[in-house]
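If you want the building blocks of each chain, they are given just below.
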Amino acid sequence: MSETVAVFAGPPPRIRRVAIDRPWTWLAAGWSDLWSEPALSLCFGSLSVLAGWLAVALLLWGDLPYLVLPLSAGFFFIGPFMAVGLYEISRRIEGGLAIDASAMFGAWRRNPDQIALMGLLLLLLHLAWMRVAQLLFAFFGWQTVPSWDRFMDLAWYSARSLPFLAIGIAIGAVLAAVAFVVGAFSMPYLLDRRQSNLFEAIAASVAAVRLNIRPMLLWAGLIVVLVTMAMVPGLLGLVIVLPVIAHATWHAYRDIVQFGEA
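Below: a short report on this structure. Here, residues in each chain are numbered from 1, in the same order as that chain's written sequence. The predicted nature of this model means local features are confined to residues of pLDDT at least 70 and side-chain atom pairs, given and counted, to a pLDDT of 80 or more, with totals for whole chains, interfaces and linings taken over all residues. Values reported for side chains reflect all heavy atoms of the structure, with hydrogen atoms and water molecules removed beforehand.

A few words now on the overall build of the chain. The secondary structure content of the chain amounts to 14 helices and three strands. Pairs of residues are marked as contacts when any of their non-hydrogen atoms sit within 4.5 Å. Here the analysis covers contacts within the chain between residues at least 6 apart in sequence; of these, 74% occur between residues at least 24 apart. About 12900 Å² of surface is accessible on the chain, with carbon and sulfur atoms providing 69% of the total. Only DSSP runs of H or I with at least four residues qualify as helices, and only runs of E with at least two residues qualify as strands; both kinds are numbered from the N terminus onward. Here the accessible surface of atoms and residues is derived via Shrake-Rupley with a 1.4 Å probe, and residues count as covered only by protein chains that are part of the display.

Below is the structure:
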């Protein structure tokens, strides 16, 4: 028997408790949506990879190799904002509505102000992580910015590498956890409920994670593993992985966040 709990004192949404293995169902639904609209979904994935390549190239050109890894975390922080168009594709597939490029790229128009504010919040969390990375680099005594090959030597083989990586990963994990809790379902919520606001969306997302700790931990772990593996071959795996996760996130939202139900 499903269990629901009221999020707000007034009208819905209501949050449904799901089984710990539900993330696998969400992934399967995301995979199905990908191949229902492969051209648009893979276009999004390809554009994301191109943006990643450009960002890395700019950092290397600017002699800032130590920011490449923190920048890569942007897929975890601002991914929900980037994926608004893919949520719209899944919403339209679910509703049997027409799907085209204008629907995907114009999805933000359904709730522009609030979606932009949520995107700004996630971006600020990512910028905070980038700033922490810079401070850590200075704190561990690297007074000059090394070249890419020297940076890898310092990061992995110097005596300072273990505490540097441990502290960096710990701080990044905390910030990523905050971003995940507030952003897990905020963007799908704002897209789905056109009159909703940022605070309602965050409240629904936090409540959904709180009530479903175990399945959401599994979901977060799957996202980290899949995205990390997809980055290994020069980010190319993200062409498929990002759309699948985005479509799956929509199905997770629809599975957990419900309206007008007892």
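This next bit is on the packing of aromatic side chains. A pair of aromatic rings is counted whenever rings of Phe, Tyr or Trp (Trp by its six-membered ring) have centres within 6.5 Å, and the orientation is called stacked for planes under 30 degrees apart, edge-to-face for over 60 and tilted otherwise. Counted according to the given criterion, the structure contains four aromatic pairs. Ring centres 5.6 Å apart and planes at 90° place the aromatic pair Trp26 and Trp219 in the edge-to-face group. A residue pair is termed long-range when its members are at least 10 positions apart, and Trp26 in helix α1 (residues 22–36) and Trp219 in helix α13 (residues 213–231) qualify at 193 residues. Of the two residues examined, Trp26 and Trp219, each falls in the buried class. Summarising the aromatic geometry, the rings of Trp31 and Trp35 are spaced 5.6 Å apart at their centres and angled 70° between planes, so their arrangement reads as edge-to-face. Highlighted residues: Trp31 and Trp35, both in helix α1, separated by four residues, approximately one helical turn. Exposure classes here rest on a 1.4 Å probe applied to the protein chains alone. A residue is buried below 20% of its type maximum, exposed above 50%, and partly exposed in between. In this structure Trp31 comes out as partly exposed when scored by relative accessible area, which is 45%.

Salt bridge, as applied in this entry: a Lys or Arg side-chain nitrogen positioned within 4 Å of an Asp or Glu carboxyl oxygen. Applying the stated criterion across every chain, the model contains six salt bridges. Between Asp255 and Arg16 there is a salt bridge, with the nearest N and O atoms lying 2.7 Å from each other. Remark: Arg16 occurs in strand β2 (residues 14–16) and Asp255 occurs in helix α14 (residues 238–256); sequence separation between them is 239 residues. Judged by its relative accessible area of 22%, Arg16 is partly exposed. The salt bridge partner of Asp192 is Arg254, with a shortest N-O separation of 4.0 Å. Taken together, the positions of Asp192 in helix α11 (residues 186–192) and Arg254 in helix α14 put the pair 62 residues apart, joining distant regions of the chain. When salt bridges with common partners are traced through the structure, they connect Arg16, Arg22 and Asp255 into a single cluster.

On to a nonpolar patch on the surface, then. In this scheme, patches are assembled from residues that exceed 30% relative accessible area and form no salt bridge. Like charges are connected within 9 Å, while nonpolar side chains (Val, Leu, Ile, Met, Phe, Trp, Tyr) are connected within 5 Å. Residues Leu47, Leu50, Trp53, Phe105 and Leu236 make up a contiguous nonpolar surface patch of about 500 Å² in total accessible area. When residues in the nonpolar patch are grouped by element, the largest group, three residues, is from helix α2 (residues 38–61). Relative to the helices and strands, Trp53 is located in helix α2.

Now for the packing of α13 against α14. Two quantities define a packed helix pair, namely the angle between the axes and the distance from one axis to the other. Where α13 meets α14, the axes come as close as 9 Å, and the angle between the chain directions of the two elements is 165°. In terms of orientation, α13 lies roughly antiparallel with respect to α14. Pair α13 / α14 crosses with left-handed handedness. Side by side, α13 and α14 meet where Met216, Trp219, Ile223, Leu226, Val227, Ala230 and Met231 of the first sit next to Leu238, Val241, Ile245, Ala248, Thr249 and Ile256 of the second. Basically, the charged four are Asp, Glu, Lys and Arg, the nonpolar ten are Ala, Val, Leu, Ile, Met, Phe, Trp, Tyr, Cys and Pro, and anything else, Gly included, counts as polar. Grouping the amino acids of the contact of α13 with α14 by side-chain chemistry returns twelve nonpolar, one polar and no charged. Between the N-to-C directions of two axes lies an angle of 0 to 180 degrees, each axis being a line fitted to C-alpha atoms and, for a helix, fitted only over the stretch in contact. In this scheme, roughly parallel covers angles under 35 degrees and roughly antiparallel covers those over 145, while 65 to 115 is roughly perpendicular and the rest are oblique. In this scheme, a crossing is called left-handed if the near helix is turned counterclockwise away from the far one by less than a right angle; it is called right-handed if the turn is clockwise.

Structurally, Met104 is set in helix α7 (residues 101–105). Note on Met104: relative accessible area 4%, which makes it buried. Along the chain, Met104 and Ile89 lie 15 residues apart, while their C-alpha atoms are 6.3 Å from each other. If we ignore the near neighbours within four places in the chain, the residues touching Met104 are Leu40, Phe44, Gly85, Leu86 and Ile89.

With that settled, the discussion passes to α2. Between its first and last C-alpha atoms α2 spans 34 Å; for 24 residues at 1.5 Å apiece the expected length is 34 Å, and the two agree. Within α2, the full set of buried residues consists of Leu40, Ser41, Phe44, Gly45, Ser48, Val49, Gly52 and Leu59. For a helix, the expected span equals 1.5 Å multiplied by the number of residues minus one.

Glancing now at the packing of helix α6 (residues 84–95) against α14. Closest axis-to-axis distance for the α6/α14 pair is 8 Å, and the angle between their directions is 55°. Comparing the axis directions of α6 and α14 gives the class oblique. Considering how the two elements wind past one another, α6 and α14 form a crossing that is right-handed. In this structure, α6 uses Leu86, Tyr87, Ile89, Ser90, Arg91 and Glu94 to contact α14, whose residues at the interface are Leu242, Pro243, Ala246, His247, Thr249, Trp250, His251 and Arg254. Class assignment of the residues belonging to the contact of α6 with α14 gives a composition of seven nonpolar, four polar and three charged.

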